[in-house]
Every structure is written in structure tokens, then in C-alpha cells.
Amino acid sequence: MSASVPYTSEPFSSQTTSAQQAAAAKSFGKAVWWLALGSAVFSVVLGVIMLVWPEATLKVVAALFGIWLLLHGVVRIVQAITATARDGAERAILGVIGVFFVVAGVIALRNLLVTLALMVTLVGLMWLIGGILELISAFGGPGGGYRRWQIALGVLSIVAALVVLLWPDLSVVAFVYLTGAWLILMGLIQVAMVFWARRVLTA
């Protein structure tokens, strides 16, 4: 009788471990999804705040934008770590984008009294590099609806970056309006990407 114990308990233990791992992975995936959705919604909310409060000081803009950069950087880094279905190059690009966003967010929060020129340069470069990396990730990854959203997001970022960097004598109010409009558009695109990814995963 004792000889039969290993043959019955071992599969049961293996099945239990697999079930626990699957449950943990599902729970973690749900947390990542809510983090991504919250980040996208925060973009829209922040954009609306900037549009209805255009007279905000540069210090307020830098603080809000710094928080946004940190949040999105963390989301990208988490996606790079957890997106095991993607190839290594695409995950590396996501990680680079995330680190770049976090660094830019720290700079913005540590230098709340920066000049407008420095803030515009920081934001413009962030949009430009982020947009380029987004396009690289889109064309290097699998096709489908998600790629189209990535391309739209990358093109939008590059266009916004060029407008900010090449616009002479950009005022604080104009900068706030432009940033607010860009955040709303980008946030809506990201919300669509998050729900599209969930639909694909649950299909």
C-alpha cells in the first residue's frame, strides 16, 4: 500500500502547484492591466486639467507632468518584464522607453523651477525619442490591431515633439494647451490599446 503513495500524491502535488501558478499569473496580469488602464485614464484627466487651467504656472505643469512621466515609465518597465509573449528586442525597447520616461519624470520633479525653454526641450525630446521607439516596437512586433494603435501613438508623439521643438517663442499658455491636447489624444489611444489587448488575451 505504501508503494502506491508516491504515484497518487505526486500528480496531485504537481496539479496543485500548476493551479497556484496559474492563479498567481492571472492575478498579476489583472493588476498589470489595471495599472495600464489607470495610467491611460490619468493621461486624459491630466490633459483636461491643463486645458481648463491654461494659466497654470510652469511649476504646476512640471509637477503634474513629472508624475505622469513616472507613472508611464513604471507601466512600460512592468510591461517589458511581464510581456513574455513578445520577443526579446520588443521587450528591450519597452524597457528603454520606461527607463527614459522615469528619468525624465525625476528631472521634471527635481527641477520644478526650470525655465520654459528647458521644460519644452525636455518634453520635446521625450516625445520624439518615445515616438521613434514606439514605431520601432510596432514594426518589430506582430501585426494586427495592436500594431496600428502603436503606429498611431508613435506618429502622434513625433508630430507633437516637432511642433514643440520647432515652435519659436512658445509661451507657457500655448505649451500647456498643446501638452493638454496631446495627453488627451494619447490617453484615449492607450485606453483603446489596453482594452484591445484584454480582448485578445481573453478570446
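Criteria and thresholds
Residues numbered from 1 in each chain as written. Predicted model: local features only at pLDDT ≥ 70, side-chain atom pairs only at ≥ 80, totals over all residues. Heavy atoms only, no water. Helix = DSSP H or I, 4+ residues; strand = E, 2+ residues; numbered from the N terminus. Contact = heavy atoms within 4.5 Å. Core = buried A, V, L, I, M, F, W, Y, C linked by side-chain atoms within 4.5 Å. Buried < 20%, exposed > 50% of the residue type's maximum accessible area, 1.4 Å probe, protein only. Expected span 1.5 Å × (residues − 1). Phe/Tyr/Trp six-rings, centres within 6.5 Å; stacked < 30°, edge-to-face > 60°. Salt bridge = Lys/Arg side-chain N within 4 Å of Asp/Glu carboxyl O. 1 Å grid on protein atoms, 1.4 Å probe; cavity = no way out; pocket = protein on both sides within 12 Å on 5 of 7 lines; lining within 4 Å. Points joined across faces, edges and corners; volume = space filled by probe spheres on them. Nonpolar A, V, L, I, M, F, W, Y, C, P; charged D, E, K, R; others polar. pLDDT = per-residue confidence, 0-100.

Student: Break down the overall build of the protein for me, citing the residues and quoting the values.
Tutor: The secondary structure content of the protein amounts to six helices and zero strands. Ordered by position from the N terminus, the helices and strands of the protein form the series α-α-α-α-α-α. Within the protein, residue pairs in contact and separated by at least 24 positions form 79% of the contacts whose partners lie at least 6 positions apart.

Student: So what's going on with the nonpolar core? Which residues, and what values?
Tutor: In this structure, Phe65, Trp68, Met126, Trp127 and Trp182 are the most contacted members of the largest nonpolar core, which totals 33 residues. Where this core is concerned, the elements lending two or more residues are α1 (5–52), α2 (58–82), α3 (88–110), α4 (116–140), α5 (145–166) and α6 (172–202). Per element, the largest residue contribution to this core is eight residues, and it comes from α6. Residues contacting Met126, with those up to four places away along its chain left out, are Phe65, Trp68, Leu69, Phe100, Phe101 and Ala104. Core analysis: the second largest hydrophobic core is formed by seven residues, Trp33, Val75, Val191 and Val194 among them.

Student: Got a sec to walk through α3? Specific residues and values, please.
Tutor: With 23 residues, α3 should reach 33 Å at 1.5 Å per residue; the first-to-last C-alpha distance of 33 Å fits that figure. Where α3 is concerned, the buried positions are Glu90, Ile93, Leu94, Gly95, Ile97, Gly98, Phe101, Ala104, Gly105 and Ala108.

Student: Describe the packing of aromatic side chains, listing the residues and the values that go with them.
Tutor: On inspection of all chains with the given rule, the structure shows three aromatic pairs. With a centroid separation of 5.8 Å and an interplanar angle of 40 degrees, the aromatic rings of Trp68 and Phe101 are classed as tilted. In this pair, Trp68 is assigned in helix α2 and Phe101 in helix α3, connecting sequence segments 33 residues apart. Looking at Phe101, the relative accessible area reads 7%, which means it is buried.

Student: Please give an account of the pattern of salt bridges that cites residues and values.
Tutor: For the structure on display, the rule yields one salt bridge. The closest approach of N and O atoms between Glu134 and Arg76, which form a salt bridge, is 3.1 Å. Here the residue Glu134 occupies a position in helix α4, and Arg76 occupies one in helix α2, the gap between them amounting to 58 residues. By relative accessible area, Glu134 is classed as buried at 5%. By relative accessible area, Arg76 is classed as buried at 9%.

Student: Let's hear about the environment of Trp53: which residues, and what values?
Tutor: The topology assignment puts Trp53 in the loop between α1 and α2. In the structure, Trp53 is positioned 120 residues away from Val173 in sequence and 9.2 Å away in space, judged by C-alpha atoms. Contacts of Trp53, omitting those with residues within four sequence positions, involve Val60 and Val176.

Student: Tell me what's going on with empty space enclosed by the protein, and back it up with residues and numbers.
Tutor: If you roll a probe as big as a water molecule over the atoms, it shows you where there is empty space left. Summed over the entire model, instances satisfying the criterion amount to one cavity of 30 Å³ or more. Lining of the largest cavity is provided by 15 residues; of these, Arg76, Phe101, Gly130, Glu134 and Ser157 occupy positions nearest its centre. Looking at the lining of the largest cavity, the elements with two or more residues in it are α2, α3, α4, α5 and α6. Broken down by element, the residue count for the lining of the largest cavity peaks at five residues, all from α4. Of the residues contributing to the lining of the largest cavity, the split by class is eight nonpolar, five polar and two charged.

Student: Any details on the confidence of the model for the protein? Residues and values, ideally.
Tutor: Residue-level pLDDT values for the protein average 75, and 73% of them are 70 or greater. Within the protein, the lowest mean pLDDT, 69, falls on α1, and the highest, 84, falls on α5. Within the model, the stretch residues 1–9 combines pLDDT values under 50 with one contact to residues more than four positions away or in other chains.

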